[in-house]
Amino acid sequence: MRGVSAPRAAPASLLRRAGSHYESVRLNLRGLDPEARYAIANLDTGARVAVTRRELAEKDVLVQIAVRPGTALIVCERVPAPESPR
């Protein structure tokens, strides 16, 4: 579509039900530029990591929700590549 660009940040809200025995999930993020770097942040815990799309393809994103019921708000956003030393 003309004039439409990808959003800067993509949020995901994850829920753990009261009766769930699963306390973690691995997310495979799709549709990302393989040459770009991304920051993945858990807004509930404050954890943040910057990785390349290639690294994400190898590891996925592990999200843990320790309490039942519980939630996690995850945000993925593209970040500038680190500058190369000159």
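Parameters and conventions
- Residues numbered from 1 in each chain as written.
- Predicted model: local features only at pLDDT ≥ 70, side-chain atom pairs only at ≥ 80, totals over all residues.
- Heavy atoms only, no water.
- Helix = DSSP H or I, 4+ residues; strand = E, 2+ residues; numbered from the N terminus.
- Polar contact = N/O pair within 3.5 Å; in protein donor to acceptor, adjacent residues only side chain to side chain.
- Pairing = 2+ DSSP bridges.
- Axes fitted to C-alpha atoms, helices over the stretch in contact; angles between N-to-C directions.
- Salt bridge = Lys/Arg side-chain N within 4 Å of Asp/Glu carboxyl O.
- Buried < 20%, exposed > 50% of the residue type's maximum accessible area, 1.4 Å probe, protein only.

Student: Would you mind going over the side chain of Ser-20 with me for this structure?
Tutor: Tracing the chain through its elements places Ser-20 in the loop between strand 1 (9-16) and strand 2 (24-27). A polar contact of 3.1 Å, which involves the side chain of Ser-20, links it to the backbone nitrogen of Tyr-22.

Student: Can you walk me through the sheet that holds strand 3 (residues 37-42) in this structure?
Tutor: Across a sheet, paired strands are connected by hydrogen bonds in the backbone, their directions being either parallel or antiparallel. A sheet is described by the order of its strands in space; here four strands give the open sequence 1-6-3-4, paired in antiparallel fashion. Pairing within the sheet leaves two strands with one partner each, and these edge strands are strand 1 and strand 4 (48-52). Averaged over all adjacent pairs, the angle separating strand axes in this sheet is 20°, with direction ignored. Bridge count for strand 3 against strand 6 (residues 70-79) is six bridges, and the pairing is antiparallel. Across the sheet, the residue bridging to Ala-39 is Glu-77, located in strand 6.

Student: How should I be thinking about the pattern of salt bridges in this particular structure?
Tutor: Opposite charge on two side chains permits pairing when their charged atoms draw close. Tallied over the full model, the rule gives two salt bridges. A salt bridge links Asp-33 to Arg-78, with the nearest nitrogen and oxygen atoms 3.1 Å apart. Taken together, the residues span a long stretch of sequence, with Asp-33 in the loop between strand 2 and strand 3 and Arg-78 in strand 6 at a distance of 45 residues. As a salt-bridge pair, Arg-54 and Glu-35 come within 2.3 Å of each other at their nearest N and O atoms. Taken as a pair, Arg-54 in helix 1 (residues 53-59) and Glu-35 in the loop between strand 2 and strand 3 lie far apart in primary sequence, 19 residues in all. For Glu-35, a relative accessible area of 59% translates into the label exposed.

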